[in-house]
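Structural overview for review
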Number of protein chains: 2
Amino acid sequence: MLTFFNAFKRVLVGRPFRNDSLAHTLLPKRIALPVFASDALSSVAYAPDEILLTLALAGAAAVTMAPWVGIAVMVVLLTVVASYRQNVHAYPSGGGDYEIANVNLGKTAGLTVASALLVDYVLTVAVSMSSAANYLATAVPGMHGTQALVATIGVVLLALVNLRGIKEAGSVFAVPTYIFIFCIFAMTVTGLIEAVSGNLARAPSAAFEILPEAGFENGLVGLAGGFLLLRAFSSGAAALTGVEAISNGVPNFQKPKSKNAATTLLLLGAIAAAMIAGILYLARATGVQMAQDPASEFLLNGQPLPDGYVQNPTISQIAGTVFGTGSIPFFIVVAATGVILVFASNTAFNGFPVLASILAQDGYLPRQLRTRGDRLAFSNGVIALAAGALVLIIAFDADVTKLIQLYIVGVFISFTASQLGMVRHWTRLLRMVKDKASRARMVKSRVINGVGFLMTLTVLIIVLITKFEQGAWIALLAMLFLFMMMLSIRMHYDRVAKELAVDEDSSPRALPSRVHAVLLVSHVRKPVLRALAYARASRPSRLDAITVDLDPMETEQTVQDWEKLAIPVPLTVLASPYRETITPIMDYITTMRRDSPRDLIVVYIPEYVVGKWWEQLVHNQTALRIKTRLHFESGVMVASVPWQLKSSEDAQKFQDLP
Amino acid sequence: MLTFFNAFKRVLVGRPFRNDSLAHTLLPKRIALPVFASDALSSVAYAPDEILLTLALAGAAAVTMAPWVGIAVMVVLLTVVASYRQNVHAYPSGGGDYEIANVNLGKTAGLTVASALLVDYVLTVAVSMSSAANYLATAVPGMHGTQALVATIGVVLLALVNLRGIKEAGSVFAVPTYIFIFCIFAMTVTGLIEAVSGNLARAPSAAFEILPEAGFENGLVGLAGGFLLLRAFSSGAAALTGVEAISNGVPNFQKPKSKNAATTLLLLGAIAAAMIAGILYLARATGVQMAQDPASEFLLNGQPLPDGYVQNPTISQIAGTVFGTGSIPFFIVVAATGVILVFASNTAFNGFPVLASILAQDGYLPRQLRTRGDRLAFSNGVIALAAGALVLIIAFDADVTKLIQLYIVGVFISFTASQLGMVRHWTRLLRMVKDKASRARMVKSRVINGVGFLMTLTVLIIVLITKFEQGAWIALLAMLFLFMMMLSIRMHYDRVAKELAVDEDSSPRALPSRVHAVLLVSHVRKPVLRALAYARASRPSRLDAITVDLDPMETEQTVQDWEKLAIPVPLTVLASPYRETITPIMDYITTMRRDSPRDLIVVYIPEYVVGKWWEQLVHNQTALRIKTRLHFESGVMVASVPWQLKSSEDAQKFQDLP
């Protein structure tokens, strides 16, 4: 089974890379920016859409509020960037929000942040891939309606690529990210020039009349109006995800690491804010209108839209209006957006296993995940992430608007906890530091983090209130589940560590008084002879061979064959009233234990090593069950004596590959 | 995992029975008949229907041929019964057709018969349960259309009952079988009396006009007519399945076994033939008409049948006509028929595992299935049978008419092979026996088996020709698959036996020159101390402890803890460039093997024995992978030193149950 799987994996996934071959190339700022920015920048591909279509619920007048919502998002974005610049200086180790919360706020806060981040990584993949599928559908008209399938295939491919391991340097990321940035700015500038010169066309959706939802006939008024505005803001705040990526990546920067990271962070914030502003301005100028459900919310000349109307994302509507739908620049913009979204998913595939390995190191996840270098650890993380994202994509049919309701709760839990942690951090440092200049800097940092904390807390509350019913409860439930699971694992490890700690009773000098070896015999064949030789070579105080009488004729044959060997080891035949193997053996061992409880019993079991998975089914099943059962007996050790069948040689070749 | 599953199984399936508590109560004829007859008798519940609806394809005139087809079936039935009376005398051991074919015609024929029988057991369950679901739908009108669901549930329940084990004696089978026989005869006699007195009503379906299929406008004429007649006969031949059951059960009869079995077989044949005759007579007398697709084949007053017309099986239509639909006798007849069909399914659940264990004994199936007493063997058989039947029921939507096309190919392959085997058997005996009276008896038996062979061969050919395209190819394909699989397993076992046979080179006296023990250490905890104690107690020539450096701080701690123990065993730290565990250990062992190839290396691995399935996921994963990998090295033995965590105690309680 293993070997078959290994061979298959080798074909699909390739040879594993040597850990130290992935040398830590330190990144200059111009490469670090695109490497860490794709997640944050890509959100302009869907965040403006969500602002527009949420406001559209209250009619056309409400949509004119979009730039103001955009400004609010930008303010939060720049505040968070300013706060994280402090984090980068204080925690250059790359531990990220989990480390900050863990150190400053305690384990519960740390675990909360970890759960939130894990869930958000899954959502990053689901949202980005679904959005990328939308852009593909924009460029290739026949693809509309297949987004869920495309996103599913995309996640599977990305998981396979990551299982294979990505060797290439940051430069692969750099080119498409810069192309994307260039595209959006070129589009904005072109649009601006057209607008100034009076040549800017209207988007096709500008002609639609919006039917407001019941209760919003008078636009954004009253409590409901305010609530809707906040909901639009919450969705727009998706633009902030990925800002924390740089703070996890400080160790990868060229020196001075913290300073370079802080500068890159500032650059990232400025670019992201400018892009949001540009897109929301152009959406306003070209009259782009978006609806959650175009069929019921839009009218064209007083009639519902024709069947088969396809609502394209904002960026592609703008690109179509500015450059002309079907023009080459249009396709470049759409393609660059799709690519950056796939890159954004990929950052989650890097971040998730790293966080999982840190959590495993702290005993919150199974120990075998702890070393990132171990392919198994990394692979399990990639598979878990992909599986989670696939469930979401399929459950929500790759609908970005629905998925976004689950999103960013986790990010803002993490932001808020980390900013509070930073405030505590500075307060603690201030108690110890006397130097005036240092103190002034720390106080300033504490103020910035304090403002960041209040800001992110406010956004978190807004997000919770406006999105809880819309789907955020699902994300919270998933976080709670992860939290409980990781806590249970940690408590289990703690309990085991206590149970197993070496104490005074456990003297390493107390040896069992005698060793009593028992050899299990079914037929007298080469594997049994090898096991017999090994058992005798260990020179036990006493050596018995036993066989279970399942079939009188076979047993008779076994006894005769044994006697022919003429060796001074007696063969005991155990009766089996149930005609089964395990109980007589267990009874024999138990009696032996009772007679001489201070002896060590070593049970020698000949085992066949096979080459094909189905051979495993026709061999060793009984041996496996006996071993499992014997493990529950204390004072009993199981010695497996393998016999390599010829068919195992091929399998070994695969095992021998590193 | 195991323990959780065990606990669950215990609740669902109950405690296993002790083998010798299922004492071989020898059955008198009056109990043996119902025990072995349910399969054969139950086929009157669907065989007449299939004759009628196949003939209906050629119009109303063709249906009048039904009694003649019935007579042909009865002739074959009585011939087969006569032949099997010879089998019973010649092979009283209960090996059945597989044994007869194996001994007289060789292994290929034996394996062919075995494959055919295994497939037919699966079909017996599928057909009988689907038919039982039809009868339930007849009695409870709202159930119509749910047959597939009901049959599925029925198979699952029956499988569970069988997994629990059936302890009760044959008397449980006796009562319902006799009730069923009584019901059918009472119905026939009542119908006869009504017919003679002129009071016999017409069945509701008698009023329908049959629209013949294209090509049959003139009734049963020409080649197509003959072919259809043969097809009707093939379907009716389903009445013969189960006749061989008695020949498998001879050892269960009271003495004189063979004579009693032969008498019971004759009785069974007579009853089955009489029932078919009775039902086909009454169907004719009451004018019952059946169609494969009533909506397209029937007209009522020149109009198609109203929507929602439900076609009831022949027995229930007759019972409704003779006793009145909804009368108490009507319900008794329908219920008795349903029960006997469930019993027929159950005979397959008894026969399949027995045949599987005989095949395992002969090396055609995995060895662990060989002892019937072992619950595992029996359970696997029950599960395989149920799974196969469920696939068929779901794939064919519990449609008896479609399933019957796959059926009886296997039975007639088995009949034909066994009759040919018997002819050979007598021919061989005749060469040795000189006594005149004995020779006369043998010649007579050979003639009977010879006639049986020709008859069953003819039917087999008819069945193959008329049913191949209709679905029999599926059954043949399944048989071919089983045949190839069992042959591969046998060839594998033969190859392994040859590879492992003790020869001159394998002297039991050649011992490894020295024993080199290696202890794997991760943390210095109690399990490691126990493993160390066991390793030292075995007094190896040399003992090394090794640990893999995954994390410098942890490794430092381990080394310090080890030194604190102050024992004369050196701890070697292995570097791990990949930060993974297995390769450094394998490299160490390989080097050791190369340096002293004649030594035995014993690797001591401390293992945690846990109580809950999820604990298994957070422990031992690395140990398991190391063990798997080490098994491919010759000259290396793995010694697992179990440490029982406290949580394992509960799990052990379940393991301790027999």
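The structure we're discussing is the one just above.
First, a word on what this report is: a plain description of the structure on this page. No experiment lies behind these values; they were computed from the predicted model shown.

**With respect to the pairing of strand 4 (residues 515–520) of chain A**
Residue and element names in this part refer to chain A. Burial analysis of strand 4 places six of its six residues in the buried class, the great majority of the element. Across the two faces of strand 4 the burial is the same, with V515, A517 and L519 and H516, V518 and L520 all buried. For strand 4 and strand 7 (residues 600–609), the ladder comprises five bridges, and the chain directions are parallel. Counterpart to L519 in the pairing with strand 7 is Y604. Sheet topology places strand 4 next to strand 5 (residues 542–549); five bridges connect them, and they run parallel. Paired with H516 across the strands is R542, a residue of strand 5.

**A short note on the sheet that holds strand 3 (residues 303–304) of chain A**
Residue and element names in this part refer to chain A. With antiparallel pairing, three strands are arranged side by side in an open sheet as 1-2-3. In this open sheet, the two strands that pair with only one neighbour each are strand 1 (209–210) and strand 3. In the sheet, strand 2 (residues 298–300) pairs with strand 3 via two bridges, with the strands oriented antiparallel. Note that in strand 3 the partner of L299 across the bridge is P304.

**Some words on the sheet that holds strand 1 (residues 209–210) of chain B**
All names here are of chain B. In space, the three strands of this open sheet follow the order 1-2-3, with antiparallel pairing throughout. Two strands close off the open sheet at either side, each with one partner strand: strand 1 and strand 3 (303–304). Two strands pair when backbone bridges link them, and strand 1 and strand 2 (residues 298–300) are joined in this way by two bridges, in the antiparallel orientation. Residue pairing for strand 2: E209 is matched across the bridge by L299.

**Describing the packing of helix 5 (residues 66–90) of chain A against helix 10 (residues 222–236) of chain A**
All names here are of chain A. Helix 10 packs onto helix 5 with a crossing angle of 50° between their chain directions and a minimal axis gap of 9 Å. Considering the angle they form, helix 5 stands oblique to helix 10. Judged by the twist between their axes, the crossing of helix 5 over helix 10 is right-handed. In this structure, helix 5 uses V69, G70, A72 and V73 to contact helix 10, whose residues at the interface are L229, A232, F233 and G236.

Conventions used here
- Residues numbered from 1 in each chain as written.
- Chains lettered and ligands numbered in written order.
- Predicted model: local features only at pLDDT ≥ 70, side-chain atom pairs only at ≥ 80, totals over all residues.
- Buried ≥ 20, exposed ≤ 12 C-beta atoms within 10 Å, placed from the backbone.
- Helix = DSSP H or I, 4+ residues; strand = E, 2+ residues; numbered from the N terminus.
- Pairing = 2+ DSSP bridges.
- Axes fitted to C-alpha atoms, helices over the stretch in contact; angles between N-to-C directions.
- Parallel < 35°, antiparallel > 145°, perpendicular 65-115°, else oblique.
- Left-handed = near helix turned anticlockwise from the far one by under 90°.
- Contact = placed C-beta atoms within 7 Å.

None of this, on its own, says anything about what the molecule does.
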